[in-house]
Amino acid sequence: MSALFNQQIQPQIQQIQPYTPGKPISELQRELGLTHISKLASNENPLGASPKVLAAIEQALKDIGRYPDGNAFFLRQVLSEFLSVPMSQVAVGNGSNELLELIGRVFAGPGDEIIYSQYGFAVYPITAQIVGANFVEVPAKDFGHDLNAMGAAVTTKTKLIYVANPNNPTGTLFGRDQWETFMAKIPPQVIVVLDEAYLEYVERADYANGMDYLSRYQNLVLSRTFSKAYGLASLRVGYMVASEEIISYINRLRAPFNVNHIAQVAAATALKDQDFLQQTVALNCAGKQQICQTLTQMNIAFIPSEGNFVCVQFGQDAMALNQRLLQQGVIVRPVANYGLTEFLRVSIGSEQENQHFIDALKRVHNA
Ligand SMILES: Cc1ncc(COP(=O)(O)O)c(C=O)c1O
């Protein structure tokens, strides 16, 4: 940064540590000259998008010369039917990432407090920095959200609490009892953002589905995405469900054409293809077993996960092991930026990709 601009940049923006994305396959191919690469670094769907979505995209291509529908009418209508809420309670965004930031901007500013959990998704502290709010990171319990402690951290300055269920990168889940006790204690003017990016993968019966609580809590905001189980990560589309009033403020802030036409068509088609979703979930369930069984056999600890990834404890060797896995063509995700220096996060891939990881791990572990 030149000395001229150094003084001009907003101080809270200067301090932002940018979000670290997973390494793209093409980058590793360039760096190491490898051809057989398995990317298990960004919690994507190993099946990609459904065939019905691909067909709908092909149809929609002829319209890309025109601006998209700025109100995403059709997509919000499909979401409204799927979720049984009025369209006025649904906003769509350029990935749920955009909406998670916008909700922060709607409610918090300099001097306010935003609460999130240790090991919570990286976008929460980044948002707090962007809006100039003070962030309150509450220590995790068993790698998951300590909802009691998070509730106790609320002060008169608290504007917003971010909770992820399941959480990324740990894969931890809180159940209905914990959630209900937590919500009962939160003052009604404090916004609770429940990030359900991985809800489709949850197997536990006591899962607290945010939709069951929306009518009870005016301060509850749900965030969901088409990037994970629906296989549309590159198209960038997510949605928020909340009271009509809150959604109207998000709509004031968002860019007029924040979700492109192809993404709108793809997301609406994906939502209707629940058979593909079931296939995705079944593949994830089998793949998680495939990986976790091997880890158990190899005596390697991991955090039990309700998502499409597992956070594995490799100890002090984690970063070196990451390099050795890269040499074998397997991209996983270091999570040292979350303070999880002994862990690597492994996304669940196809059976072949998982096997590639397992074979590589057996070759390089303790090498
Ligand atoms: C917990 C959580 N929330 C939100 C997101 C954002 O996803 P997207 O912007 O692709 O919808 C992610 C992505 O990794 C995530 O892990």
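In the block above lies the structure referred to throughout.
Keep in mind the model is a prediction, meaning the values are calculated, not measured.

**Student:** What's the story with the environment of E196 in this structure? I'm lost.
**Tutor:** Tracing the sequence through the fold places E196 in the loop between β6 (191-195) and β7 (220-225). Apart from the residues lying within four places of it in its own chain, the contact partners of E196 are N165, Y207, A208, N209, G210, L222, S223 and R224. A polar contact of 2.9 Å, which involves the side chain of E196, links it to the side chain of R224.

**Student:** What is the right way to read the sheet that holds strand β9 (residues 301-303) from this model?
**Tutor:** Hydrogen bonds between backbone groups are what pair the strands of a sheet, and the pairing can be parallel or antiparallel. Read across the sheet, 4 strands follow the order β9-β10-β13-β12 without closing on themselves; strand pairing throughout is antiparallel. This sheet does not close on itself; its edge strands, each paired only once, are β9 and β12 (333-334). Of the pairings in the sheet, the one linking β12 to strand β13 (residues 343-347) comprises 2 bridges and is antiparallel in character. When the bridges of β13 are listed, P334 appears paired with L344.

**Student:** Would you take a moment to explain the layout of surface pockets for this structure?
**Tutor:** Empty space among the atoms becomes apparent when a probe as large as a water molecule is rolled across them. Approximately 450 Å³ is the volume attributed to the largest pocket. Taken together, 26 residues make up the lining of the largest pocket; nearest its centre are Y19, F121, S227, K228 and R236. In terms of residue count, helix α6 (residues 95-107) provides more of the lining of the largest pocket than any other element does, 4 residues in total. By residue class, the composition of the lining of the largest pocket is 10 nonpolar, 10 polar and 6 charged. Per-domain counts for the lining of the largest pocket show at least three residues from each of domain 1 (20-48 + 275-364) and domain 2 (51-272).

**Student:** Looking at this structure, how should I read the packing of helix α4 (residues 51-60) against helix α11 (residues 261-272)?
**Tutor:** Any two packed helices are characterised by how steeply their axes cross, that is the angle between the axes, and by the distance between the axes. One way to put it is that α4 packs onto α11 with a least axis distance of 9 Å and a crossing angle of 145°. Read as a crossing pair, α4 and α11 show a hand that is right-handed. Facing α4, whose interface residues are K52, V53, A56, I57 and A60, α11 presents H261, I262, V265, A266, T269 and A270. Residues that form the contact of α4 with α11 fall into these classes: 8 nonpolar, 2 polar and 1 charged.

**Student:** When you look at the side chain of S305 in this model, what are you seeing that I'm missing?
**Tutor:** Relative to the helices and strands, S305 is located in the loop between β9 and β10 (309-313). Overall, S305 belongs to the buried group, its relative accessible area being 12%. Within the structure, S305 has its side chain in polar contact with the backbone nitrogen of G307 (distance 2.9 Å). Those residues in contact with S305 that sit more than four places away from it in its chain are G171, K288 and V310.

**Student:** Honestly, the site of the ligand in this entry has me stumped. Any pointers?
**Tutor:** What surrounds the ligand is a group of 13 residues, the closest being N168, D195, T225, S227 and R236. Contact distances for the ligand include 2.6 Å between an oxygen atom and a side-chain N or O atom of N168. Here a nitrogen atom of the ligand and a side-chain polar atom of D195 are 2.6 Å apart. If the ligand stood free it would expose 400 Å²; the protein chains cover 94% of that surface. In this structure, the ligand is accommodated by the largest pocket. By residue number, the principal contributor to the shell around the ligand is α6, which donates 4 residues. Its residues assigned to classes, the shell around the ligand comprises 4 nonpolar, 6 polar and 3 charged.

**Student:** Help me understand the pattern of salt bridges in this model?
**Tutor:** Pairing between side chains of opposite charge can happen when the charged atoms of each approach one another. Scanning the entire structure with this criterion turns up 7 salt bridges. Residue E44 pairs with K39 through a salt bridge whose shortest N-O separation is 3.0 Å. Under the relative-accessibility criterion, K39 is labelled buried at 18%. In this structure, D206 and R204 form a salt bridge, with 2.8 Å as the shortest nitrogen-oxygen distance.

Definitions and cut-offs
Residues numbered from 1 in each chain as written. Predicted model: local features only at pLDDT ≥ 70, side-chain atom pairs only at ≥ 80, totals over all residues. Heavy atoms only, no water. Helix = DSSP H or I, 4+ residues; strand = E, 2+ residues; numbered from the N terminus. Contact = heavy atoms within 4.5 Å. Polar contact = N/O pair within 3.5 Å; in protein donor to acceptor, adjacent residues only side chain to side chain. Pairing = 2+ DSSP bridges. 1 Å grid on protein atoms, 1.4 Å probe; cavity = no way out; pocket = protein on both sides within 12 Å on 5 of 7 lines; lining within 4 Å. Points joined across faces, edges and corners; volume = space filled by probe spheres on them. Nonpolar A, V, L, I, M, F, W, Y, C, P; charged D, E, K, R; others polar. Domains from an automatic or database assignment. Axes fitted to C-alpha atoms, helices over the stretch in contact; angles between N-to-C directions. Left-handed = near helix turned anticlockwise from the far one by under 90°. Buried < 20%, exposed > 50% of the residue type's maximum accessible area, 1.4 Å probe, protein only. Near = heavy atom within 4 Å. Areas by Shrake-Rupley, 256 points an atom, 1.4 Å probe, with all protein chains shown as cover. Sits in = over half its atoms within 2 Å of the grid points. Salt bridge = Lys/Arg side-chain N within 4 Å of Asp/Glu carboxyl O.

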